[in-house]
Amino acid sequence: MLKVLSIIAGIILVLFTGAVMAGGYYAWRLNQDLPDYTRLANYEPPVTTRVHAGDGQLIGELARERRLYVPISAIPPRLVEAFLAAEDKNFYTHGGVDATGIVRATIDNVFNVLQDRRLVGASTITQQVAKNFLLSSDVTFDRKLREALLALRLERAFTKDQILELYLNEIYLGSGSYGVAAAALNYFDKPLDELTVAEVAYLAALPKAPGNYHPFRFRERALARRNWVISRMAEERFITAYEAAEARGTDLDVSLRSRGVQTRDAEYFLEQVRRELLAQYGEQKLYEGGLSVRTTIDTALQEIASEALKNGLIAYDRRYGWRGPVATLEPGANWQEALAAMDVPSDLAPWTLATVLDVASDRVTVGLRPARLPGGGFEKEIVKSTIHFDDMKWARANINMIHLGPEVAKPSDVLKVGDIVYVAPYAEQKGRHTLQQVPAVNGAIVAMDPHTGRVLAMQGGFSFGLSEFNRAVQALRQPGSSFKPFVYAAALDKGFTPASLVLDAPFVIDQGPGLGLWKPENYERKFHGPSTMRFGLEHSRNLMTIRLAQYAGPETVADYARRYGIADNMMPVLSMSLGAGETTLMRLAGAYAVLANGGLKVEPTLVDRVQDRYGRTIYKHDTRACQVCTLDFVDAAEPPALPDNRERAEDARTAYQITSMLEGAIQRGTGASVKSVGVPLAGKTGTSNEARDTWFLGYSPNLVVGVFVGFDEPAPLGRAETGGRTAAPVFRDFMTKAIGGKPAIPFRIPSGINLVKVDLKTGALASGDGGGVILEAFREGTEPRLTSSTPMLGIAGGVLGSGAPGDAGDMGADISSDYLRGMEGDAPADTDGEAGYPSGPATSQGPVDPFALPDARRTEAPFAGMPADEAVELDRPGGVPLDSERDDPPADNRPPPPGGYAAGGRDIGSGTGGLY
């Protein structure tokens, strides 16, 4: 028997020795294959890039994982205690693996197996760091052993606080939150140091299984887990019994923050910032680098811009009636489920969808889309409202996007039961809504600081949720008449003055063999004869602009477009002077900023500064050097004077002269609808061929604003829809709220400018102060003289008069009094008493006298005296809107071919009375 026991003991000893050796070898092999844990010393976790407004307000976050890295020194002790109580109470005493915890978990798991419950683990915080950073989450014995080995190594290489810092910043806590700082913001919208006992306990309840303790889907379970953590904190004496009881009695008050954009009206702005950062820094640094981006946006101005643009687009859309419901329910369908399944972009709020439930004689009853719950799903409560007939009268039927149907006589003319429509709350009465319609047209608005190029507001469309296409920076459209100020600037630099006379009369150019004639027209086909440059710009005269462009040269006009940043490679042809090229709203606003700031070029920018995760500045828009900016405030005698490194794109005197003329455009010209703002403003309307693109660009001394309105697929906007009617009201509404109530600041007059009283109509010197007298801006030495006759541009591209603009020499003969009398007396008079100039046929046989043509060959200006909003071009199918700013680039909106539109063409006629 003893011998048998000896044999058994020997076998056991051999087996034990072999097992120990095998285990040791296995552990040795695992130890050799362990990941390099030392790289944790230089670990840079993926951190959220945060985008801030100019005033520091958070407007958006860019990240794959929402994480904010916080050093252990900035994490409140109470939060640390909550996690220790819930996850690893012996953290500061064990060496990486908690032996007592393993024994306890083993015993618990015996009972769990018998009761068919989930097994529990005994991982310490150190082991969780090893798993999260260096290993997978596979539930295997091999992974658990490697985890324990790594934990032992980590404890020797790092301090407890370093390990805890890694853990609290890496742990996933649900709802896209990585780390305690991100979770505190996402769940409670608080920084860590403002969390209550109940709130830190809830965060500490999440690491085991965040999805099982969702604050809305599993609210009772979440409360129970949170209260368990509170009890554990009390057991470990981290809090008192009273604090524990008070915390357990607190409701779970969670309000999940939306991801991405934090300011509703900033979606287009934030997306453009994202594109620029992505191009500059790459995807990994953008989404994981923890950048801090300070942008230029002014959130108050952005809200005003968004509201003004939306109201303007809705106003245009309603002029063309009702296009029908969003959808119509099938008979018997559950309207609540149908509405709940339809998405409503968040930036359309407070709009929502509704189903028509009943149609009465004076109103309709609608059921509103159920409100979405924070945790998903929708409320079950049925909410009804009414739309009164008065709020539906605008909804006349739209016929082929051109005409309106009969007036609405009753609600059933517009809606029927089952229709799904957009509605908005009626501001003055609860339980009442108004009928809404998403506009078919779209547009953009940009507001900019003209001195720095900082973009203060940018709205790229009606709704980012419906279309992410940013019409402020991505849409290439024809600027129309809003390009004209730069043609006039070129003429001023050539020696003209705002009082110089330019012939406003027919203009025809033979473009050469096979190309035909180019015959641009004024918008309403009226001609005013010799007129001042100021009149031409204020009233957007096409033919005067063409003559100025021809005198300056198409190449010069193209060069000015490049200098001002409007277009890099504009074709050197005359039609470009009427805005036939293409540009973006942002670039055009930047060009107007040059006029506003006295001729200095600025680069539109959306970003002021970018800092990395450590606070180091890696980008600054303002690159000027400041040698004394590091001095203490008390040591500086006065604010530092920084160098001005802006490139000069235009002479300051020319810029002011254009500004002065654009002030007149608002006071007396095509921008008169903006005059109600009540502060000094300069601006210009723009309407491209067939009103496919409409614009208003304007500015005060310290704010430039550009507005564009047009269909995404270019198409005529309709009868009389010009920049003055579609875009100018948006500009007006924005400026009224932005600066309308502030003290009026006049435009700065540069040195070298003299203000002289002249007759508004003729540009001649005036001695009185009558209604037709203005103060005109002249460069020193170019003021009109009583003894000189007035020069005029208009004969075969040349200048007619007694001297070059401002001087003498190459203009040819004086304008004869007989010629001027002929212009005023022999031409057919318009209905408003002004002389009209017919556009007779053009030939290449020499000069043609338009006033000697038979009556049948004359154009009698049939629209004279008709209001601009009622005038229709009668000789085109469907009608094309008319006002004082018609532009006529090629009919198909494409640039003319090389050699076309006066590029190498020859004038028809060469003497007085010809067509030019």
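Now for a description of the structure that goes with this document. Residue positions within a chain follow its written sequence, with the count starting from 1. Only residues with pLDDT of 70 or above have their local features reported here, since the model is predicted, and side-chain atom pairs are shown and tallied only from 80 upward, although totals for entire chains, interfaces and linings are computed over all residues. Hydrogens and waters are ignored; side-chain quantities use all the structure's heavy atoms.

**Digging into the overall build of the protein chain**
Move 1: Helix and strand definitions follow DSSP, with helices as H or I runs of at least four residues and strands as E runs of at least two, each counted in order from the N terminus. Helix and strand counts for the protein chain come out as 23 helices and 29 strands.
Move 2: Remark: exposure states derive from per-residue accessible area (1.4 Å probe, protein chains only) relative to the maximum for the residue type, with buried under 20%, exposed over 50%, and partly exposed in between. The 916 residues of the protein chain split such that 52% are buried.

**Digging into helix 2 (residues 77-87)**
An α-helical turn contains 3.6 residues, so any two residues separated by three or four positions project in the same direction.
Move 1: The element helix 2 is extensively covered by neighbouring structure, given that 8 of its 11 residues are classed as buried.
Move 2: Those residues of helix 2 that sit buried are Leu79, Val80, Ala82, Phe83, Leu84, Ala85, Ala86 and Glu87.

**Observations concerning helix 11 (residues 267-281)**
Move 1: Here, expected helix span is obtained from the residue count minus one, scaled by 1.5 Å. Across its 15 residues, helix 11 extends 21 Å between first and last C-alpha, which sits within 8% of the 21 Å expected from 1.5 Å per residue.
Move 2: The complete set of buried residues in helix 11 reads Glu267, Tyr268, Phe269, Leu270, Glu271, Gln272, Val273, Arg274, Leu277 and Tyr281.
Move 3: Following helix 11 by one or two positions, Gly282 has its phi on the positive side, about 90°.

**Section: unusual backbone geometry**
Move 1: Cis geometry marks the peptide bond from Ala349 to Pro350, where omega comes out at 10°.
Move 2: Topologically, Pro350 is positioned in the loop between helix 14 (335-340) and strand 7 (352-359).
Move 3: For Ser175, which is not a glycine, the phi torsion comes out positive at approximately 55°.
Move 4: By secondary structure assignment, the location of Ser175 is in the loop between helix 6 (160-170) and strand 4 (177-178).
Move 5: Although it is not a glycine, Asp189 sits at a positive phi angle of roughly 55°.
Move 6: With respect to the element layout, Asp189 can be found in the loop between helix 7 (180-188) and helix 8 (197-204).
Move 7: In this structure Asp189 comes out as exposed when scored by relative accessible area, which is 51%.

**Regarding the sheet that holds strand 21 (residues 617-620)**
Sheet strands associate in pairs through backbone hydrogen bonding, adopting either a parallel or an antiparallel arrangement.
Move 1: The strand order across the open sheet built from 5 strands is 2-1-5-20-21, with neighbouring strands paired in mixed fashion. Here the strands that pair on one side only, and so sit at the sheet edges, are strand 2 (58-62) and strand 21. The average undirected angle you get between the axes of adjacent strands in this sheet is 15°.
Move 2: Between any two strands, at least two bridges found by DSSP are needed for them to pair. Relative to strand 21, strand 20 (residues 607-611) runs antiparallel, the two sharing 3 bridges. Where helices are involved, their axes are fitted lines through C-alpha atoms of the stretch in contact, as for all axes, and angles between N-to-C directions lie from 0 to 180°.

**Remarks on the pairing of strand 24 (residues 703-710)**
Move 1: Here strand 24 lies mainly inside the structure; 8 of its 8 residues are buried.
Move 2: Residue alternation in strand 24 divides its side chains into two sets, Leu703, Val705, Val707 and Val709 and Val704, Gly706, Phe708 and Gly710, and both sets are buried.
Move 3: In sequence, strand 23 (residues 694-700) turns back onto strand 24 through a hairpin of 2 residues.

**Brief notes about the environment of Leu600**
Move 1: Tracing the sequence through the fold places Leu600 in the loop between helix 19 (585-596) and strand 20.
Move 2: If we skip the residues at most four places from it in the chain, Leu600 touches Val594, Asp644, Arg646, Glu647, Arg648 and Ala649. Contacts are assigned to residue pairs that have any heavy atoms within 4.5 Å of one another.

**Considering the packing of aromatic side chains**
Move 1: Centre distance within 6.5 Å is the pairing criterion for rings of Phe, Tyr and Trp, where only the six-membered ring of Trp is used; planes under 30 degrees apart are then read as stacked, over 60 as edge-to-face, and the remainder as tilted. Under the counting rule described, the total for this entry stands at 21 aromatic pairs.
Move 2: Consider the rings of Phe188 and Tyr202, whose centres lie 6.3 Å apart with planes at 80°: the pair is edge-to-face. On the criterion of sequence distance, the pair formed by Phe188 in helix 7 and Tyr202 in helix 8 is long-range, its members being 14 residues apart. We note that Phe188, like Tyr202, is buried.
Move 3: Within the aromatic cluster, the residues linked to one another by ring pairs are Phe483, Phe486, Tyr560, Tyr564, Tyr592, Tyr699 and Phe747.
Move 4: Whether a charge lies above a ring is judged from NZ of Lys or CZ of Arg, which has to be within 6 Å of the ring centre and within 35 degrees of the ring normal. For the cation-ring pair, Lys160 lies above Phe91, with the distance from its terminal atom to the ring centre recorded as 4.5 Å.
Move 5: The residue whose ring lies beneath Arg221 is Phe218, and the NZ or CZ to ring-centre distance is 4.5 Å.

**With respect to the side chain of Asp449**
Move 1: Position of Asp449 among the secondary structure elements: in the loop between strand 14 (442-448) and strand 15 (455-459).
Move 2: Notably, Asp449 is buried but unbridged: the nearest opposite-charge side chain belongs to Arg454, and the N-O separation is 5.0 Å.
Move 3: Sequence-distant contacts of Asp449, that is, excluding residues within four places in its chain, are made with Arg454, Leu456 and Asn702. Positive charges come from Lys and Arg alone, negative charges from Asp and Glu alone, with His and the N- and C-terminal ends not counted. Every case where a carboxyl oxygen of Asp or Glu lies within 4 Å of a side-chain nitrogen of Lys or Arg is listed as a salt bridge.

**Regarding the pairing of strand 20**
Move 1: In terms of strand pairing, strand 5 (residues 292-295) meets strand 20 through 4 bridges, oriented antiparallel. From the neighbouring strand, Val293 faces strand 20, where its bridge partner is Val610.
Move 2: As consecutive antiparallel partners, strand 20 and strand 21 are separated by 5 residues, and within that stretch Gly615 has a phi angle of approximately 85°, a positive value.

**Section: the sheet that holds strand 24**
Move 1: Strands sit in the order 15-14-24-23-22 across an open sheet of 5 strands; the sheet is antiparallel. Each edge of the sheet is formed by a strand with only one pairing partner; in this case those strands are strand 15 and strand 22 (682-687). Averaged over all pairs of adjacent strands, the angle between strand axes in this sheet comes to 5°, irrespective of strand direction.
Move 2: With 7 bridges joining them, strand 14 and strand 24 adopt antiparallel strand pairing. Each bridged residue has a counterpart across the sheet, and for Gly443 the counterpart in strand 24 is Val709.
Move 3: Packed onto the sheet, helix 19 meets strand 14, strand 15, strand 22, strand 23 and strand 24 and runs at close to 35° relative to strand 23.

**Thoughts on a nonpolar patch on the surface**
Move 1: Patch definition: residues with relative accessible area over 30% and no salt bridge; like charges joined within 9 Å; nonpolar side chains (Val, Leu, Ile, Met, Phe, Trp, Tyr) joined within 5 Å. Per-residue and other accessible areas follow the Shrake-Rupley method at a 1.4 Å probe size, with only the shown protein chains counted as cover for residues. Together, Ile749, Leu755 and Leu775 line one region of the surface with nonpolar side chains, adding up to about 260 Å² of accessible area.
Move 2: You can see Leu775 is positioned in strand 26 (residues 773-779).

**Some thoughts on the environment of Thr250**
Move 1: Looking at where Thr250 falls in the secondary structure, it is placed in the loop between helix 10 (241-248) and helix 11.
Move 2: For Thr250 and Glu199, which are 51 residues apart along the polypeptide, the C-alpha to C-alpha distance reads 9.4 Å.
Move 3: Non-local contacts of Thr250, meaning those with residues more than four positions away in its chain, are made with Ala198, Leu223 and Arg226.

**Let's talk about the pattern of salt bridges**
Move 1: Considering all chains together, one arrives at 42 salt bridges under this definition.
Move 2: Its salt-bridge partner being Asp493, residue Arg779 comes within 3.1 Å of it at the nearest N-O pair. Placement of Arg779 in strand 26 and of Asp493 in helix 15 (residues 484-493) is noted, with a sequence separation of 286 residues between them.
Move 3: Note on Arg779: relative accessible area 17%, which makes it buried.
Move 4: You can call Asp493 partly exposed: its relative accessible area is 30%.
Move 5: As a salt-bridge pair, Arg653 and Asp651 come within 3.0 Å of each other at their nearest N and O atoms.
Move 6: Take Arg653: its relative accessible area is 26%, and that puts it in the partly exposed class.

**Brief notes about the nonpolar core**
Move 1: Counting residues in hydrophobic clusters, the biggest one holds 85 residues, and the most contacted among them are Val446, Phe486, Leu548, Tyr564, Tyr592, Ile658 and Tyr699.
Move 2: A per-element tally of this core places helix 19 first, with 10 residues.
Move 3: With residues up to four places along the chain from it excluded, the contact list for Tyr564 reads Phe486, Ala489, Ala591, Val594, Leu595, Lys601 and Glu650. Residues grouped as a nonpolar core are buried Ala, Val, Leu, Ile, Met, Phe, Trp, Tyr and Cys residues, joined through side-chain atoms within 4.5 Å.

**Regarding the packing of helix 15 against helix 20 (residues 652-667)**
Move 1: Closest axis-to-axis distance for the helix 15/helix 20 pair is 10 Å, and the angle between their directions is 135°. As judged from the angle between their axes, helix 15 and helix 20 are oblique. The element helix 15 and its partner helix 20 pack so that their crossing is right-handed. Listed contacts from helix 20 to Pro485, Tyr488, Ala489, Leu492 and Asp493 of helix 15 are Thr654, Gln657, Ile658, Met661 and Leu662.
Move 2: Counted by class, the contact of helix 15 with helix 20 contains 7 nonpolar, 2 polar and 1 charged residues. Any angle between 65 and 115 degrees counts as roughly perpendicular, while under 35 counts as roughly parallel, over 145 as roughly antiparallel, and the rest as oblique. Helix crossings fall into two classes, left-handed where the near helix is turned counterclockwise from the far one by less than a right angle and right-handed where it is turned clockwise. Three classes are used: nonpolar for Ala, Val, Leu, Ile, Met, Phe, Trp, Tyr, Cys and Pro, charged for Asp, Glu, Lys and Arg, and polar for all others, with Gly counted as polar.

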